[in-house]
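Below, each chain spelled out in residue letters.
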Amino acid sequence: MNTITEVFYSPFEVFQALGGLQDEYNWLITDTDFYFEEFSETIGNYRIKNSDDDILEIYWIPHKNISKFTEHEYFGLSWGVFSAFPKNEKIELSNLEIIPFADGNPSFWVPNPKTQHPKALFEIVFWDSSYNLLISKDENISSIFRNAFEGWKDLNLYNEEI
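Residues numbered from 1 in each chain as written. Predicted model: local features only at pLDDT ≥ 70, side-chain atom pairs only at ≥ 80, totals over all residues. Heavy atoms only, no water.

**Some thoughts on the confidence of the model for the chain**
Next up, step 1: Per-residue pLDDT for the chain averages 87, and the proportion of residues at 70 or more is 86%.
Next up, step 2: When pLDDT is averaged over each helix and strand of the chain, the minimum, 62, is found for strand 3 (residues 45–51) and the maximum, 98, for strand 1 (residues 3–5). (pLDDT = per-residue confidence, 0-100. Helix = DSSP H or I, 4+ residues; strand = E, 2+ residues; numbered from the N terminus.)

**Observations concerning the environment of serine 142**
Next up, step 1: Examined against the element boundaries, serine 142 turns out to sit in helix 3 (residues 139–148).
Next up, step 2: The exposure class of serine 142 is buried, given its relative accessible area of 0%.
Next up, step 3: Beyond its immediate stretch of four places on either side in the chain, serine 142 contacts Met1, Leu134 and Ser136. (Buried < 20%, exposed > 50% of the residue type's maximum accessible area, 1.4 Å probe, protein only. Contact = heavy atoms within 4.5 Å.)

**Quick look at the environment of valine 14**
Next up, step 1: Among the secondary structure elements, valine 14 is positioned in helix 1 (residues 11–17).
Next up, step 2: Of the residues examined, valine 14 reaches a relative accessible area of 0% and is grouped as buried.
Next up, step 3: Sequence separation between valine 14 and phenylalanine 149 is 135 residues, and the spatial gap between their C-alpha atoms is 8.9 Å.
Next up, step 4: Sequence-distant contacts of valine 14, defined by excluding residues within four places in its chain, comprise Tyr9, Ile124, Phe126, Asn132, Phe145 and Phe149.

**Here's the deal with the pattern of salt bridges**
Next up, step 1: One pass over the full model with this rule turns up four salt bridges.
Next up, step 2: The closest approach of N and O atoms between glutamate 6 and lysine 153, which form a salt bridge, is 3.0 Å. In this pair, glutamate 6 sits in the loop between strand 1 and helix 1 while lysine 153 sits in strand 8 (residues 153–154), placing the two residues 147 residues apart along the sequence.
Next up, step 3: For glutamate 6, a relative accessible area of 37% translates into the label partly exposed.
Next up, step 4: Across the pair lysine 119 and glutamate 89 runs a salt bridge, and its minimum N-O distance is 3.5 Å. Highlighted residues: lysine 119 in the loop between strand 5 (80–86) and strand 6 (122–127) and glutamate 89 in the loop between strand 5 and strand 6, separated in sequence by 30 residues. (Salt bridge = Lys/Arg side-chain N within 4 Å of Asp/Glu carboxyl O.)

**Let's talk about the packing of aromatic side chains**
Next up, step 1: This structure, assessed with the given rule, holds 18 aromatic pairs.
Next up, step 2: Centre to centre, the rings of phenylalanine 8 and phenylalanine 126 are 6.1 Å apart; their planes meet at 70 degrees, and the pair counts as edge-to-face. Of this pair, phenylalanine 8 sits in the loop between strand 1 and helix 1 while phenylalanine 126 sits in strand 6; the two residues are 118 residues apart in sequence, bridging distant segments of the chain.
Next up, step 3: Aromatic rings pair up to connect Phe8, Phe15, Tyr25, Trp27, Phe82, Phe122 and Phe126 into one cluster. (Phe/Tyr/Trp six-rings, centres within 6.5 Å; stacked < 30°, edge-to-face > 60°.)

Below, the structure written as structure tokens:
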């Protein structure tokens, strides 16, 4: 049940809509324009990777810590991918082969997009301060997301129209 909103919602608004369910998952956060290191006490692990002269900041946030910064109204970004994993899943950032990304990613605009990381249960994508995408294998999360935001569209149908 993939979803797109054509109104951009901040991370604060998106995570408020989840109503605490974000605490049920570990989070891989990638391709952001937000500096998370100021929240270093909440980050489980992070890595900075140089790729083609770009610096990629990659964060692993344990389930018990995600709300420590998503509950702040000033928490905002234009780009980013938040990939949700089961609580018992552990990702080694030093061995991460798949790094989810938003900016320039064509895989969202195809029939039936999938989460970028195969172990992710769902992804919340913040797209250029224009859209929010939910790529989800979980019907409950999709329903909660859709009920929270008016004007949402089924991403699969949206992609058929473009």
